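Descriptive structure summary
Now for the letters of each chain:
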Amino acid sequence: QVQLVESGGGLVQPGGSLRLSCGASGRIFSIYDMGWYRQAPGKQRELVATITKGGSTNYADSVKGRFTISRDNAKNTVYLQMNSLKPEDTAVYYCNQEIKRTVVDSTRDYWGQGTQVTVSS
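Only a predicted model underlies this, so the values are computations on that prediction, with no experimental measurement involved. (Residues numbered from 1 in each chain as written. Predicted model: local features only at pLDDT ≥ 70, side-chain atom pairs only at ≥ 80, totals over all residues. Heavy atoms only, no water.)

Things to note about the side chain of T77
Formally: The helix count covers DSSP runs of H or I at least four residues long, the strand count covers runs of E at least two residues long, and both are numbered beginning at the N terminus. Relative accessible area decides the class of each residue, using a 1.4 Å probe on protein chains only: under 20% of the type maximum gives buried, over 50% gives exposed, and in between gives partly exposed. Under this definition, polar contacts are N or O atom pairs within 3.5 Å; protein pairs additionally need one hydrogen-donor-capable and one acceptor-capable atom, and for neighbouring residues in sequence, both atoms have to be side-chain atoms. Working rule for contacts: check all heavy atoms of both residues, and any pair within 4.5 Å makes them a contact.
As for its placement among the helices and strands, T77 is situated in strand β8 (residues 77-82). The class of T77 is buried, set by a relative accessible area of 10%. Looking at T77, its side chain comes within polar contact range of the main-chain oxygen of K75, at 2.8 Å. Excluding its chain neighbours within four sequence positions, the residues that come into contact with T77 are C22, G23, M34, S70, R71 and D72.

The following block contains the structure:
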């Protein structure tokens, strides 16, 4: 069994910062890509940022220059540092990790439970 647990969401004023974390636990052989997605009310889930096992990153245009994704492979954890937050960043944020549980298993996607980020004055 693999479980992803997120933390770090909350209420912040425009221009403020938050840091999200997402750690994986359980039977894990290897973790490949990690990422963050978000879903605002009435909208589809969208990609925010991804990071490969080697550290290559990719960002949505709307967050470039403001958000930074990073990972700690020893801790099976991915982070999202969010600066200069805007009201339009308000959403539920979900982490995703591509995990291979054993050497013979296929890689599959695992998702966190979601954490609410609200940007409002």
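Considering the pattern of salt bridges
Going by this rule: A carboxyl oxygen of Asp or Glu within 4 Å of a side-chain nitrogen of Lys or Arg is what we treat as a salt bridge.
As enumerated under the stated definition, the model contains four salt bridges in all. With a shortest N-O distance of 3.1 Å, K64 and D61 are connected by a salt bridge. One salt-bridge network, held together by shared partners, links R38, E46, R66 and D89.

Concerning the sheet that holds strand β1 (residues 2-7)
Condition: We call two strands paired when DSSP finds no fewer than two bridges between them. Helix axes use the C-alpha atoms of the stretch in contact, all axes being lines fitted to C-alpha atoms, and the angles between their N-to-C directions lie in the range 0 to 180 degrees.
One open sheet holds the four strands; their spatial order is β1-β3-β8-β7, and the pairing between them is antiparallel. Looking at which strands have only one partner, the edges of the open sheet turn out to be β1 and β7 (67-72). Here the strands of the sheet are splayed against their neighbours by 15° on average, with no regard to which way each runs. The pairing of strand β3 (residues 18-26) with β8 spans six bridges and is classified as antiparallel. Bridge pairing in β8 links L20 to L80.

A word on the state of the cysteines
When the sulfur atoms of two cysteines share a covalent bond, that bond is a disulfide. Spelled out, the test is: Any two cysteine sulfur atoms lying within 2.5 Å of each other are counted as a disulfide.
This model, assessed by the stated rule, comprises one disulfide. Note that C22 is cross-linked by a disulfide to C95, the S-S spacing being 1.9 Å. On the S-S bond that ties C22 to C95, the torsion sits near 45°, and the link is right-handed. Linking C22 in strand β3 with C95 in strand β9 (residues 91-100), this pair joins segments that are 73 residues apart in sequence. Comparing C22 with C95, the two get one shared label, buried.

Details of the pairing of β8
Within β8, five of the six residues are buried, which leaves it mostly tucked inside the rest of the structure. Relative to β8, β7 runs antiparallel, the two sharing six bridges. Counterpart to D72 in the pairing with β8 is T77.

What to know about a nonpolar patch on the surface
Applied cut-off: A patch consists of residues exposed above 30% relative accessible area that lack any salt bridge, with like charges linked at up to 9 Å and nonpolar side chains (Val, Leu, Ile, Met, Phe, Trp, Tyr) linked at up to 5 Å. Per-residue accessibility takes into account occlusion by the displayed protein chains alone, with areas from the Shrake-Rupley method and a 1.4 Å probe.
On the surface, F29, Y32, V103 and V104 cluster together into a nonpolar patch covering about 420 Å² of accessible area. As for its position among the elements, Y32 is in strand β4 (residues 30-39). With a relative accessible area of 31%, Y32 lands in the partly exposed category.

Concerning the side chain of Q97
Position of Q97 relative to the elements: it lies in strand β9. Residue Q97 is classed as buried on the basis of its relative accessible area of 0%. Within the structure, the side chain of Q97 is placed 3.4 Å from the backbone oxygen of C22, a separation counted as a polar contact. Within the local environment of Q97, its side chain forms a polar contact with the backbone oxygen of N76, the two atoms lying 3.4 Å apart. In this structure, Q97 is in contact with L4, C22, G23, A24, I31, D33, M34, N76, V78, R108, D109 and Y110, ignoring residues within four places of it in sequence.

Structural measurements only, silent on function.
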